[in-house]
Amino acid sequence: MEVRTAASPRDVKHYTTERLREEFLIQDLFQADKINLVYSHIDRIITGAAVPVSGKLELTAGDELRAEYFLQRREMGIINIGGDGIITVDGRVYEVNAREGMYIGRGSKEITFESRDGSTPAKFYLNSAPAHVAYPTVHIKPEGEPAPGVVIIKDENKVEFGTLEDSNHRIINKYIVTGQVQSCQLAMGMTRLMPGSVWNTMPAHTHDRRMEVYLYFDMADDAFVVHYMGEPQETRHIIMHNEEAVISPSWSIHSGCGSRAYTFIWGMCGENQDYDDMDNIANKDLR
């Protein structure tokens, strides 16, 4: 597990391109038959991925967590961006197919990942945050019929935003949010830009009570996203390619513009779970 420390906005405005990427960009998450994890001191979030190809992968705490097992003091959200897969939690099997997700509560001990077909492996993307209460583990589906242990994303949590004229027409699917899936502090969802739109999270905002991580994907090899970050009057940017993630501190904007449409997963943790708790910034005030 890679460990990264927090950063002050007063320091970040002096970073070179290389230093900015070292601190905030997360690359090479999705590697065959590996679980890769990055632990950030910013709200103690862990960002990671599991790509089982030839067999099962087991999630362990490692030395960094000083825990008996990974979720001893944590909760976790997962979204599968690859082929159909299977997640087993303490002996219970969940068939987590493409674009489906899971919330796994604190205290779950044995967690394994596998693919239905190794030739088109599952790609399990995960965010994990500290938790003080154990909430039920649930399987999250964008559509279908409710069942015990299964949550279907509510219509009010499938939100259409923006316009093609503003190049930001997008569909937001909220997977882990208050009123749908109970968590201690983790929120998670997926936003898909419609053809012809390239801007996300624009107009930009900050939310001082929680940090955020973005994963950009569904991008061609020659496509890219310019991810904007930094204080509103001290903006910086990072060039990002397919299946790369970026850490956004609470003091930073987090917006992007792509060379073509793309999809991204957002994960947030901090002291406030109110999705609309944000400080909006007018376009004319950005610097």
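Parameters and conventions
- Residues numbered from 1 in each chain as written.
- Predicted model: local features only at pLDDT ≥ 70, side-chain atom pairs only at ≥ 80, totals over all residues.
- Heavy atoms only, no water.
- Helix = DSSP H or I, 4+ residues; strand = E, 2+ residues; numbered from the N terminus.
- Rg over C-alpha atoms; globule rule 2.2 N^0.38 Å.
- Buried < 20%, exposed > 50% of the residue type's maximum accessible area, 1.4 Å probe, protein only.
- Contact = heavy atoms within 4.5 Å.
- Areas by Shrake-Rupley, 256 points an atom, 1.4 Å probe, with all protein chains shown as cover.
- Lys, Arg positive; Asp, Glu negative; His and termini not counted.
- Charge placed at Lys NZ, Arg CZ, Asp CG, Glu CD.
- Pairing = 2+ DSSP bridges.
- Axes fitted to C-alpha atoms, helices over the stretch in contact; angles between N-to-C directions.
- 1 Å grid on protein atoms, 1.4 Å probe; cavity = no way out; pocket = protein on both sides within 12 Å on 5 of 7 lines; lining within 4 Å.
- Points joined across faces, edges and corners; volume = space filled by probe spheres on them.

A. Structural detail: the overall build of the chain. Counting secondary structure elements, the chain contains two helices and 25 strands. In terms of overall dimensions, the chain is globule-like: its C-alpha atoms have a radius of gyration of 18 Å, near the 19 Å expected for 287 residues. When the backbone C-alpha atoms are referred to their principal axes, the chain occupies close to 55 × 40 × 35 Å. Here the chain, with 287 residues, has 55% of them falling under the buried criterion. For the chain, long-range pairs separated by at least 24 residues make up 70% of all intrachain contacts whose partners lie at least 6 apart in sequence. Accessible area for the chain stands at about 12,700 Å²; split by element, carbon and sulfur atoms hold 45% of it. Taking the 29 positively charged and 42 negatively charged side chains of the chain as two groups, their mean positions are separated by 3 Å.

B. Representation of the environment of Cys257. Among the secondary structure elements, Cys257 is positioned in strand β23 (residues 255-258). For the pair formed by Cys257 and Met229, sequence separation is 28 residues and the distance between their alpha carbons is 12 Å. Excluding anything up to four places from it in sequence, Cys257 contacts Val198, Trp199, Phe224, Val225, Val226, Tyr228 and Tyr262.

C. Expanded view of the sheet that holds strand β6 (residues 74-80). Spatial strand order, β1-β3-β4-β11-β6-β9-β12-β13: eight strands in an open sheet with mixed pairing. Whereas interior strands pair on both sides, the edge strands pair on one side only; in this sheet they are β1 (2-4) and β13 (150-152). Ignoring which end each strand starts from, the neighbouring axes of this sheet average 20° apart. Where strand β9 (residues 101-104) and strand β12 (residues 138-141) come together, three bridges link them in antiparallel fashion. Pairing of Met102 across the sheet is with His139, part of β12.

D. Just the sheet that holds strand β8 (residues 92-96), in detail. Strand order in the open sheet formed by four strands is β5-β10-β7-β8, and the pairing between neighbours is antiparallel. One side of each edge strand has no neighbouring strand; the edge strands of this open sheet are β5 (57-58) and β8. Sheet topology note: the strand β7 (residues 85-89)/strand β10 (residues 111-115) ladder contains five bridges and is antiparallel. In the strand pairing of β10, Ile86 is matched with Glu114.

E. Structural context of unusual backbone geometry. Cis geometry is found at the peptide bond from Met202 to Pro203, where omega equals 5°. Of note, Pro203 is situated in the loop between β17 (199-200) and β18 (205-206). A positive phi is found at Arg44, a non-glycine position, where the angle reads about 60°. Take Arg44: it is sitting in the loop between β3 (34-40) and β4 (46-51).

F. Spotlight on the layout of surface pockets. In this structure, the largest pocket spans a volume of roughly 380 Å³. Surrounding the largest pocket, 22 residues form its lining, Ile172, Thr201, His205, Tyr275 and Met278 being those nearest its centre. Breaking the lining of the largest pocket down by element, the ones donating at least two residues are β14 (158-161), β15 (170-176), β19 (210-217) and β24 (263-270).

G. Spotlight on the pairing of β10. In terms of burial, β10 is a largely internal element, five of the five residues being buried. Here β10 shows two buried faces, one formed by Ile111, Phe113 and Ser115 and the other by Thr112 and Glu114. In terms of strand pairing, β5 meets β10 through two bridges, oriented antiparallel. The residue bridging Leu57 from the neighbouring strand is Phe113, located in β10.

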